[in-house]
Amino acid sequence: FLPPQQHQQLLQYVLRHKTDFVNTSTSTHDRTHRRSKVMYDFPEFAALIIQQIQAVLPSVTAQLGLAPFPYSPVEAQITAHNDGNYYKVHNDNGSPDTASRELTFVYYFNREPKAFSGGQLRLYDSRIEHSFFVKAESFKTIEPRNNSIVFFMSRHMHEVLPVRCPSKAFADSRFTVNGWIRRAG
């Protein structure tokens, strides 16, 4: 997704800013639902990532069968999953403050050779039950491939399976730039 030089620069940037990562939380404040670290502000790379996303967005919306739509500024954060980290089943637009999220993206990056296992994205088929999207029994499992990006509808239920990182070193983490494209209006 990123040219090799920019991919390496992003990885080095993250490693230099280890102390800027904080523990993640959820809107429900359930401490057992999510375990990872996040950096919310990374201006040196946010513009680059957002520019790349905007460049592929017409192709992505077409592949997902969506008509082009007006969107507000793209949100992004960097997440680090290390040994034992995970994110249980959720969707990304299930609360009033996230309801306008239309698309979710996850850009994967890590050191080579990869020093972790697990951390797959499990993306569930969804069905409507009592006017809410809920997970179906069927799903697709997506491997976290270095320097790749995944897009999906924010309403779909998904989870990050547990990561195993024997070294427990921050530099060996499963890193993502993840974020959302909100429908403007």
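This text follows the structure it describes.
To start, this report covers the structure provided alongside it. (Residues numbered from 1 in each chain as written. Predicted model: local features only at pLDDT ≥ 70, side-chain atom pairs only at ≥ 80, totals over all residues. Heavy atoms only, no water.)

## Here's the deal with the overall build of the chain
Consideration 1: Each helix and strand counted, the chain has two helices and 13 strands in total.
Consideration 2: The C-alpha atoms of the chain give 16 Å as radius of gyration, which agrees with the globular expectation for 185 residues (16 Å, within 12%).
Consideration 3: When its C-alpha atoms are laid out on the principal axes, the chain stretches across 45 × 35 × 25 Å.
Consideration 4: The buried share of the chain, reckoned over its 185 residues, is 48%.
Consideration 5: Summarising the internal contacts of the chain: among those between residues at least 6 apart in sequence, 82% fall at separations of at least 24.
Consideration 6: When the 21 positive and 16 negative side-chain charges of the chain are each reduced to one mean point, those points stand 3 Å apart. (Helix = DSSP H or I, 4+ residues; strand = E, 2+ residues; numbered from the N terminus. Rg over C-alpha atoms; globule rule 2.2 N^0.38 Å. Buried < 20%, exposed > 50% of the residue type's maximum accessible area, 1.4 Å probe, protein only. Contact = heavy atoms within 4.5 Å. Lys, Arg positive; Asp, Glu negative; His and termini not counted. Charge placed at Lys NZ, Arg CZ, Asp CG, Glu CD.)

## Some details on helix 1 (residues 4-16)
The periodicity of an α-helix, 3.6 residues per turn, causes residues three or four positions apart to be oriented the same way.
Consideration 1: Between its first and last C-alpha, helix 1 extends 18 Å over 13 residues, near the 18 Å set by a 1.5 Å rise per residue.
Consideration 2: For helix 1, the complete set of buried residues consists of His7, Leu10, Leu11, Tyr13 and Val14. For helix 1, the angular spread of the buried residues around the axis is 160°, confining them to a single face. When the buried face of helix 1 is taken as reference, the exposed residues oriented beyond 90 degrees from it are Pro4, Gln5 and Arg16. (Expected span 1.5 Å × (residues − 1). Arc of directions from axis to C-beta.)

## What about helix 2 (residues 43-63)?
Consideration 1: Here helix 2 spans 29 Å end to end across 21 residues, near enough to the 30 Å set by a 1.5 Å rise per residue.
Consideration 2: A bend of about 50° at Leu57 is the largest found in helix 2, and the proline Pro58 appears one to four places after it.
Consideration 3: Looking at helix 2, one finds that the buried residues are Phe45, Ala46, Leu48, Ile49, Ile50, Ile53, Leu57, Val60 and Thr61.
Consideration 4: As for helix 2, its buried residues are in contact with helix 1, strand 6 (101-109), strand 10 (148-153) and strand 13 (174-182).
Consideration 5: A positive backbone phi angle near 75° is found at Gly65, which sits one or two residues after helix 2. (Bend = angle between axes of the 7 residues up to and from the residue.)

## Thoughts on the sheet that holds strand 1 (residues 22-23)
Consideration 1: In space, the six strands of this open sheet follow the order 1-3-4-13-6-10, with antiparallel pairing throughout. Of all strands in the sheet, those bounded by a partner on one side alone are strand 1 and strand 10.
Consideration 2: Across eight bridges, strand 6 lies against strand 13 in antiparallel orientation. When the sheet's bridge partners are listed, Arg101 is paired in strand 13 with Arg182.
Consideration 3: Sitting on the sheet, helix 1 touches strand 3 (37-39), strand 4 (75-81), strand 6 and strand 13, and the angle it makes with strand 6 is about 90°.
Consideration 4: In this fold helix 2 packs onto strand 6, strand 10 and strand 13, with an angle of close to 120° to the strand it touches most, strand 6. (Pairing = 2+ DSSP bridges. Axes fitted to C-alpha atoms, helices over the stretch in contact; angles between N-to-C directions.)

## Overview of the pairing of strand 4
Regular strands show a simple pattern: their side chains alternate between the two faces of the sheet.
Consideration 1: Where burial is concerned, most of strand 4 is hidden: six out of the seven residues are buried.
Consideration 2: Relative to strand 4, strand 3 runs antiparallel, the two being bridged by three bridges. By the bridge assignment, Lys37 is partnered in strand 4 with Ala80.
Consideration 3: Relative to strand 13, strand 4 runs antiparallel, the two sharing seven bridges. Of the residues in strand 13, the one forming a bridge with Gln77 is Asn178.

## A short note on the pattern of salt bridges
A side chain of one charge can pair with a side chain of the opposite charge if their charged atoms are brought near each other.
Consideration 1: Tallied over the entire structure, the rule returns five salt bridges.
Consideration 2: When the shortest N-O distance is used, the salt bridge between Arg183 and Glu102 registers 3.2 Å. Taken together, the positions of Arg183 in the segment after strand 13 and Glu102 in strand 6 put the pair 81 residues apart, joining distant regions of the chain.
Consideration 3: Owing to a relative accessible area of 37%, Arg183 belongs among the partly exposed residues under this scheme.
Consideration 4: Across the pair Arg111 and Asp172 runs a salt bridge, and its minimum N-O distance is 2.8 Å. Placement of the pair is Arg111 in the loop between strand 6 and strand 7 (117-118) and Asp172 in the loop between strand 12 (163-164) and strand 13, with a sequence separation of 61 residues.
Consideration 5: For Asp172, a relative accessible area of 11% gives the class buried.
Consideration 6: Ionic contacts of the salt-bridge type, sharing partners, join the residues Glu75, Arg101 and Arg182 into one network. (Salt bridge = Lys/Arg side-chain N within 4 Å of Asp/Glu carboxyl O.)

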